[in-house]
Amino acid sequence: MAIIIDGKLIAAQVKEEIAAEVLKMKEQGLRAPALAVVMVGNEGASATYVASKVKSCQQVGFESIDLHFPEDISEETLLQTIQDLNNNPGVDGFIVQLPLPSHINEDKVIAAVNPDKDVDGFHPSNVGKMALNIPAFVSATPAGIMELIARYKIETDGKEIVVLGRSNIVGTPISILLSRKAYPGNGTVTLCHSRTKNLKEVCSRADILIVAIGKPEFVTADMVKPGATVIDVGIHRIPSTETKSGFRIIGDVQFESVSQVAGYITPVPGGVGLMTIVSLLQNTLKAAKEKRKEGPTA
Ligand code: NAP
């Protein structure tokens, strides 16, 4: 039976560390870090994520600013809001919750965010720096995965690492991070997608298998090398008669069977998901510290 990589435990530890730093800043007479979250429309999953981001900010002593706009906000008004946040000295970092309604160009919105306040790490400038191993904001989910690997001291040097899924927010950045000359890193990384041939064989070569494919319980035990580390990024809400809420959360990995062969595994829920928010807090703390270096008025 695999060792469970406990995202809940690590997330709580990191939050405690952040809260201690915030307390220190306040004791020095500095303003607490401030994170703004921009949300457009009322999409259920996004609203849940935004609520937990705001709650996490409060838990670590950050100031949180919640900006909620109707679904029909114009692109121009949204871009103006972003400019206002870029220019607001009281905001250290901000994110625009995705996805956005189809009449708004997401790429334009991402590019409008000041890279120094881009705590989601989505701006092309941050993505480029990350690829070149220059200090940058790394997007939250891959950063959370890196933190889990580091805190569990999973060996990555020279390991066969297979990433399933090549999205801009998870698969592609984690494949770059794990192939960089660093720890975690120095892996031999294969990035798989819908055109990959012999997926099962490729996956079963992996010492570390990172799954962000967006398909419920896609990865089964026969795709996993015995003893491998399996990181499940997927989040799916499926109907259930066994829970009060009427649904339960599952991942991209069939946990029951895969946990029998893997060496380490992240559960869903309780794995990567909780680390995503924590990484956002870490990025905001970093943004606030950088800003404080600019001078006493920052
Ligand atoms: P995504 O945009 O849903 O893309 C899925 C990727 O998987 C694509 O690269 C696609 O290939 C590939 N793919 C789909 N079907 C495939 C197949 N049958 N064989 C091989 N590859 C296949 O990815 P995402 O946004 O990274 O999301 C993935 C999952 O992670 C979702 O369940 C999402 O909810 C979850 N997620 C969780 C967090 C968190 O905080 N835990 C954060 C973000 C996302 P192509 O590129 O060829 O289409």
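Criteria and thresholds
Residues numbered from 1 in each chain as written. Predicted model: local features only at pLDDT ≥ 70, side-chain atom pairs only at ≥ 80, totals over all residues. Heavy atoms only, no water. Near = heavy atom within 4 Å. Polar contact = N/O pair within 3.5 Å; in protein donor to acceptor, adjacent residues only side chain to side chain. Helix = DSSP H or I, 4+ residues; strand = E, 2+ residues; numbered from the N terminus. Nonpolar A, V, L, I, M, F, W, Y, C, P; charged D, E, K, R; others polar. Domains from an automatic or database assignment. Core = buried A, V, L, I, M, F, W, Y, C linked by side-chain atoms within 4.5 Å. Buried < 20%, exposed > 50% of the residue type's maximum accessible area, 1.4 Å probe, protein only. Contact = heavy atoms within 4.5 Å. Axes fitted to C-alpha atoms, helices over the stretch in contact; angles between N-to-C directions. Parallel < 35°, antiparallel > 145°, perpendicular 65-115°, else oblique. Expected span 1.5 Å × (residues − 1).

**Some remarks on the site of the ligand**
Then comes step 1: Near the ligand lie 22 residues; those nearest to it are Arg166, Ser167, Ser194, Val233 and Thr276.
Then comes step 2: The separation between an oxygen atom of the ligand and a polar side-chain atom of Ser194 is 2.4 Å.
Then comes step 3: Within the contact set of the ligand, an oxygen atom lies 3.2 Å away from a backbone nitrogen or oxygen of Ile235.
Then comes step 4: The greatest single-element share of the shell around the ligand, amounting to three residues, is contributed by helix H10 (residues 272-292).
Then comes step 5: For the shell around the ligand, a count of residues per class yields nine nonpolar, ten polar and three charged.

**Describing the domain arrangement of the chain**
Then comes step 1: The domain boundaries assigned to the chain delineate domain 1 (31-115) and domain 2 (140-273).
Then comes step 2: Just the C-alpha atoms count here: the centres of domain 1 and domain 2 sit 28 Å apart.

**So, the nonpolar core**
Then comes step 1: In terms of nonpolar packing, the biggest core is built from 47 residues, with Ile18, Phe62, Ile145, Ile174 and Ile210 touching the most fellow members.
Then comes step 2: Mapped onto this core, the elements with two or more residues apiece are helix H1 (7-27), strand S2 (34-40), helix H2 (44-60), helix H6 (140-151), strand S5 (160-164), helix H7 (171-179), strand S7 (208-211) and H10.
Then comes step 3: When residues in this core are grouped by element, the largest group, eight residues, is from H10.
Then comes step 4: Those residues in contact with Ile18 that lie beyond four places of it in its chain are Val60, Phe62, Val278, Leu281, Gln282 and Leu285.
Then comes step 5: Counting residues in hydrophobic clusters, the runner-up holds 19 residues, among them Cys192, Val211, Met223 and Val258.

**Focus on the packing of H1 against H2**
Then comes step 1: Following both chains from N to C, one finds H1 and H2 inclined at 55°, their axes separated by 8 Å at the closest point. Judged on the interaxial angle alone, H2 and H1 are oblique. Across from Lys15, Ile18, Ala19 and Val22 in H1, the residues of H2 making contact are Ser56, Gln59 and Val60.
Then comes step 2: Among the residues making up the contact of H1 with H2, the classes are represented as four nonpolar, two polar and one charged.

**Notes on H6**
Then comes step 1: If you check H6, its first and last C-alpha atoms are 16 Å apart, about what twelve residues at 1.5 Å a residue would give, namely 16 Å.
Then comes step 2: Among the twelve residues in H6, ten count as buried, and that is most of the element.
Then comes step 3: When H6 is considered as a whole, its buried residues turn out to be Ala140, Thr141, Pro142, Ala143, Gly144, Ile145, Met146, Glu147, Leu148 and Ile149.
Then comes step 4: Residues of H6 that are buried in the fold lie against H1, H7, S7, strand S8 (229-232) and H10.

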